[in-house]
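# Structural description and commentary
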Amino acid sequence: MDVNGKLTDAIVLIVDDVEASRFAMSTVLRRAGHKVVAVGGGAEALGELDVRLRKGTLPDVALVDVHLPDMSGFELCRLLKQRPRMADLPVVHFSALATAPVDRCQALEEGAEAYLTVPAEPEEIESAVRAAVRAARLRADDQALVRRLTLLSETIVTIQAARSLPELVAAAADGTARITGTPAAVFVLDQDDELYRGLSRERGAVALPDEGAHQTVAGLLRRLSRGHSGVRITTVPAPLWPTGFFRPGVQHDARLALALTQDGQAPVCLTAPTRGLRRAGPEAEALLAQLAQATAFAAQPLLMYQVERHVALTLQHSFLPQPHRLPELPGVEVAVRYVPASRQTEIGGDFYAALRTDGGVLTAVGDVVGHSLDAATVMVEIRHALRAYCVEESDPAVLAERLDRMLQRYHPDVTATVCLVLIDPATGRTRVANAGHIPPLIVRDGGGADYLKAAGPLLGVGLPHPAPTELFLEPTDRLLMVTDGLIETRGTDLAASMEQLRAAAAGALPGLGALCDTLLASFGHDREDDIAMLALRLTN
């Protein structure tokens, strides 16, 4: 632009087979401050544009003579508009010959922006070029804004669907990079000062910033967010911003969009290199601020759920006895395993128990339906109720009935599954009451394995429970009880998964620990639900 605001920096392609005409028009446009590329025909123009397309230096406008020796100017315009990456190149036709209105109409129909009759006054030529370039740049800006708004909407949908803070920051970083066209990093600092970081995908995983860099960022976020609300845009100069977050081993000034969650506690920060963000234009920064606010809103429930999950896991671990703290069970050896769900947003109600009763050893494995803090607390109540009931009663069917009534009275909207096994270590007599749970699996010493035929309604629905299933365990038998989190997979029939479990158990090495570890190694990776497992055998 010149001092009067006129466009003077355009690259103009002139296509004219008459050398004198090319020279005259080139002189006019160069004097107006434009760069000129002049060619003599349509084929030469297409070749020049292909070269410039590869270099990323396409002209801003093409002045095309209607009458060219190898093709008409109309045909050249049509060919340009058919090429996706050249379709936005504005074309101004000109002709020194008298033309009928139908020819002018054809020029516009083929996609040209204007039509000049030459010779023309220099001002008219300059005005035609400026108008065509200005209109094209406005269209390009509008299209870029629409693309960025679309990317913003898509990114917000993705971050709102995130099921954990790591998923959230990764999605926000990728969205920030797409909107700004620069590498990006996103941070969420939770209430315990744990920093969650997401880097845009093109950043790669080489030469990641070290722990000291993350501590520096956490300190900056705490200081910058103190006393502020809403969204704040600020720049942190390179000496203060750690090296390597945007590009491995490279130091940049950082442009930060800082937002706080609704409770004003956890800062959410979207960052991009300052220089790159300036190249992306002023709209990019405004969209970055909107994305930061949306990311903070999406982070709020995940942060709250993280606290809830911590409480639930604390409950589960505090009330589930560790293997070395299991009670002494004369005549019976027991091994237990408990693995929380791999998904950060899943909290289960899985539990196990091994108790001494007047009738023998009582073991239980169960699962409260649902994934929430409520499920974990109900699990604790069931386990305590079972401990209390079995002081005076050891029949597993009676215990199942009592647990069922307890749930109906105090938690009428909750259901649970449980398998109860009572073993007399002296005789091996075993009675099983199964309330909607996966039945126990008996693993034989010779390598076979079979499920017990024990079934009944789940707890909390008020249906009568059948008499216990009875069998006699051999000293060489192993009895396995698991929750469905070990094998249940969306889209896979549970019966097929149970058969896979039976086959894996049959092929496991001897010993209770080896059995449990084999099954966890085979099925326990990236599960969506908690896993509780109890295996036992007689020692007499």
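Here, every reference points to the structure presented above.
Residues numbered from 1 in each chain as written. Predicted model: local features only at pLDDT ≥ 70, side-chain atom pairs only at ≥ 80, totals over all residues. Heavy atoms only, no water.

### Regarding the packing of helix 2 (residues 42-55) against helix 3 (residues 73-82)
- As a packed pair, helix 2 and helix 3 sit with axes 10 Å apart at the nearest point and diverge in direction by 25°. Comparing the axis directions of helix 2 and helix 3 gives the class roughly parallel. As for how helix 2 packs across helix 3, the hand of that crossing is right-handed. Residue-level inspection shows G42, A45, L46 and L49 of helix 2 in contact with helix 3, the latter providing L76, L79 and L80.
- Within the contact of helix 2 with helix 3, the residues separate by chemical class into six nonpolar, one polar and no charged. (Axes fitted to C-alpha atoms, helices over the stretch in contact; angles between N-to-C directions. Helix = DSSP H or I, 4+ residues; strand = E, 2+ residues; numbered from the N terminus. Parallel < 35°, antiparallel > 145°, perpendicular 65-115°, else oblique. Left-handed = near helix turned anticlockwise from the far one by under 90°. Contact = heavy atoms within 4.5 Å. Nonpolar A, V, L, I, M, F, W, Y, C, P; charged D, E, K, R; others polar.)

### A few points about helix 12 (residues 494-506)
- Its 13 residues place the ends of helix 12 18 Å apart at the C-alpha level, agreeing with the 18 Å of an ideal helix rising 1.5 Å per residue.
- Residues of helix 12 that are buried make contact with strand 16 (441-443), strand 17 (449-451), strand 19 (478-482) and helix 13 (512-523).
- The opening residue of helix 12, the one whose side-chain oxygen lies 3.1 Å from the backbone nitrogen of A495, is D493. (Expected span 1.5 Å × (residues − 1). Polar contact = N/O pair within 3.5 Å; in protein donor to acceptor, adjacent residues only side chain to side chain.)

### Focus: the environment of L49
- For L49, the location among the structural elements is in helix 2.
- When the C-alpha atoms of L49 and L80 are compared, they prove to be 9.3 Å apart, with 31 residues separating the residues in sequence.
- Apart from the residues lying within four places of it in its own chain, the contact partners of L49 are L13, L58, P59, L80, M86 and L89.

### Some words on the packing of aromatic side chains
- Applying the stated rule across the entire model yields four aromatic pairs.
- Between F187 and W241, the aromatic rings sit 5.9 Å apart at their centres with planes inclined by 70°, giving edge-to-face as the arrangement. With a gap of 54 residues between them, F187 in strand 6 (residues 185-189) and W241 in the loop between strand 8 (231-236) and strand 9 (254-260) connect regions that are remote in the sequence. Side by side, F187 and W241 carry an identical accessibility label, which is buried.
- With 6.3 Å between their ring centres and 15° between their planes, W241 and F246 make a pair best called stacked. Note on accessibility: W241 and F246 belong to one class, buried. (Phe/Tyr/Trp six-rings, centres within 6.5 Å; stacked < 30°, edge-to-face > 60°. Buried < 20%, exposed > 50% of the residue type's maximum accessible area, 1.4 Å probe, protein only.)

### A short note on the side chain of S497
- Here S497 shows up in helix 12.
- Residue class for S497 comes out buried when judged on its relative accessible area of 3%.
- Setting aside residues up to four positions removed in sequence, S497 forms contacts with I487 and T492.

### Some thoughts on the nonpolar core
- Counting residues in hydrophobic clusters, the biggest one holds 29 residues, and the most contacted among them are I159, L165, L168, V188 and L270.
- Put simply, the parts of the chain that give this core at least two residues each are helix 5 (122-160), helix 6 (165-180), strand 6, strand 9, strand 10 (267-273) and helix 9 (282-319).
- Not counting residues within four places of it along the chain, the set of residues in contact with L270 comprises T176, A185, V186, R255, L256, A257, L288, L291, A292 and T295.
- Counting 26 residues, the second largest nonpolar core, distinct from the first, contains L355, V378, I382 and L403. (Core = buried A, V, L, I, M, F, W, Y, C linked by side-chain atoms within 4.5 Å.)

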